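Summary of the model geometry
Now for the letters of each chain:
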Amino acid sequence: MSYSIETIKQEVLEDRDYLVSLRRYLHTHPELPREEYETAKFIEEELNKIGLNPRRVGETGVYALLEGSKPGKALILRADIDALPITETHECSYKSVNPGKMHACGHDAHTACLLEAARILVKHKEDIKGSIAFCFQQAEEIGYGANIFVGEGLVKGDRCFGIHLASNILAGKVSATAGPNNASVDYFKIKVNGACAHVSTPELGVDAAYIASMITVGAQGLVTRRTNPTDSVIIGIGKIVAGTAYNIVAGEAVLEGTIRVMYPEIRSKVKSELKELAENTAKLYGGSAEIEYQDFTAPLINPEIPSKEVAEVAAKLFGRDNVITNRPYSLGGDDFAEFILEVPGCYAYVGSGNPEIKETTLAHHDSSFDIDEKSLEVATTLHVAYALEYLNDNI
């Protein structure tokens, strides 16, 4: 082999300026889910420069395959590429130039790190037994892109691996935690059908606004009274639209929200109960209701063996004291879960927080969110080292 743990770290360090420039360019030019056309073009250009032959997945995803010099296992590396509909308030030299759009979750860094990892791994083609697929996935924020990759038959192999930055972990540390890491995400829309009347004669109408409010309150009862308190469940209703005027009984109402749970069996139970609640509440007050679900992603549950592999590599790279294997799970979702359902894998979290830089400790999706760019080196090094160590049977 023409590499070691130390030489991998040195290769990444030598390319640090280039890596930072990739991330800052992407941060300056964010694009929303399913609109990542320029981002995809940029990724393709970078992959072409290093001799790979990228192809589009859907309209804005990008895929490239690196075949090693010897036969062996198949590894999938994935990064998400989309931004959020947020106006950036952080003043910096790489501030977003696209109004109302911002990389406020770290996907710019994820993309940059995988591009740099690809650049280094191409140089190690002779050290690769098997193949490495690079998946630059669109529309993670709306639970769309992973299923496009799966649907096109590109998520097949022996292992998959992905990285997400985490502002609540110190830069320099890595979490590779087996078991539940992220919740499932189901979007729902409930349409309540009532009948208009003058507010002075409510008995002549069916008040859809009132029904919607009862469904909202009742949904919280499903969490507190129909769910085991030890099972983490959220039914969040973030949007309610009802009525046409202040003095008219609302003839229609629409509620939009999300269900978050950690286990598949609880997921189906809660979805069924919410449907029953909406329909029966509407019927009780003389109306009707229909619910529409969209499956954004399954729960993200890291299998034990791949998680131990990643933790072992991270310990070699950064020291065991900097590896977390018991990070508490989050009710935020990530559709890398769909990759893991197809191929055993691990989703690792790389610390990007630095108490000396306020913006790096803010919650993801904050309009001033930023990262400690030390995390770029850590994430890239972990991509490269895990790929080479796994494919060479060193773990």
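This text gives an overview of the structure that appears in the document. Predicted model, so just to flag it, every value in this text is computed and none were measured. (Residues numbered from 1 in each chain as written. Predicted model: local features only at pLDDT ≥ 70, side-chain atom pairs only at ≥ 80, totals over all residues. Heavy atoms only, no water.)

Attention now goes to the overall build of the protein. Secondary structure assignment for the protein yields ten helices and 16 strands. Taken over the C-alpha trace, the protein has a radius of gyration of 23 Å; the compact-globule value for 395 residues is 21 Å, and the two agree within 12%. Its C-alpha atoms give the protein principal-axis dimensions of roughly 80 × 40 × 40 Å. Relative to its 395 residues, the protein shows a buried fraction of 54%. Taking contacts inside the protein between residues at least 6 apart in sequence as the whole, the part at least 24 apart equals 82%. As displayed, the protein has an accessible area near 16,400 Å², and 52% of this comes from carbon and sulfur atoms. Averaging the positions of the 38 positive and the 56 negative side-chain charges in the protein gives two centres separated by 2 Å. (Helix = DSSP H or I, 4+ residues; strand = E, 2+ residues; numbered from the N terminus. Rg over C-alpha atoms; globule rule 2.2 N^0.38 Å. Buried < 20%, exposed > 50% of the residue type's maximum accessible area, 1.4 Å probe, protein only. Contact = heavy atoms within 4.5 Å. Areas by Shrake-Rupley, 256 points an atom, 1.4 Å probe, with all protein chains shown as cover. Lys, Arg positive; Asp, Glu negative; His and termini not counted. Charge placed at Lys NZ, Arg CZ, Asp CG, Glu CD.)

For the rest of this paragraph, the subject is unusual backbone geometry. Backbone geometry places Arg 34, a non-glycine residue, at a positive phi of 70°. Among the secondary structure elements, Arg 34 is positioned in the loop between α2 (16–28) and α3 (37–49). The class of Arg 34 is partly exposed, set by a relative accessible area of 44%. The phi angle at Ala 139 is positive, at roughly 55°, despite the residue not being glycine. Counting through the fold element by element, Ala 139 comes out in the loop between β4 (129–137) and α5 (145–151).

This next bit is on the packing of aromatic side chains. Under the counting rule described, the total for this entry stands at ten aromatic pairs. Between Tyr 187 and Phe 296 the ring centres are 6.1 Å apart and the planes differ by 10°, which places this aromatic pair in the stacked class. Here Tyr 187, found in strand β8 (residues 185–193), pairs with Phe 296, found in strand β13 (residues 288–297); they are 109 residues apart in sequence, far enough to count as distant. For Tyr 187, a relative accessible area of 17% gives the class buried. By way of ring pairs, the aromatic residues Phe 149, Phe 336, Phe 339, Tyr 347 and Tyr 349 are connected into one cluster. Above the plane of the ring of Tyr 390 lies Lys 73, whose end atom (NZ or CZ) is 3.8 Å from the centre. Positioned above the aromatic ring of Tyr 349 is the side chain of Arg 327, whose terminal nitrogen or guanidinium carbon lies 4.4 Å from the ring centre. (Phe/Tyr/Trp six-rings, centres within 6.5 Å; stacked < 30°, edge-to-face > 60°. Lys NZ or Arg CZ within 6 Å of the ring centre and 35° of its normal.)

The eight strands lie next to each other as β1-β2-β4-β3-β5-β16-β6-β15, forming an open sheet whose pairing is mixed. In this open sheet, the two strands that pair with only one neighbour each are β1 (55–57) and β15 (323–324). Here six bridges tie strand β2 (residues 61–67) to β4, and the two strands are oriented antiparallel to one another. The residue of β4 that forms the bridge with Tyr 63 is Cys 135. In the packing of helix α8 (residues 304–318) onto the sheet, the strands contacted are β5 (159–170), β6 (174–175), β15 and β16 (345–353), and the crossing angle to β16 comes to about 40°. (Pairing = 2+ DSSP bridges. Axes fitted to C-alpha atoms, helices over the stretch in contact; angles between N-to-C directions.)

Bringing the sheet that holds β8 into the picture now. Read across the sheet, four strands follow the order β10-β12-β8-β13 without closing on themselves; strand pairing throughout is antiparallel. In this open sheet, the two strands that pair with only one neighbour each are β10 (233–242) and β13. With strand direction ignored, the average angle separating the axes of adjacent strands in the sheet is 20°. Contacts between helix α6 (residues 208–225) and the sheet are confined to β8, β10 and β12 (252–261), with β10 contributing the most and set at about 175° to the helix. Each of β8, β10, β12 and β13 touches helix α7 (residues 264–284); the most contacted strand, β13, lies at about 160° to it.

These results come straight from atomic positions and should not be treated as a statement about function.
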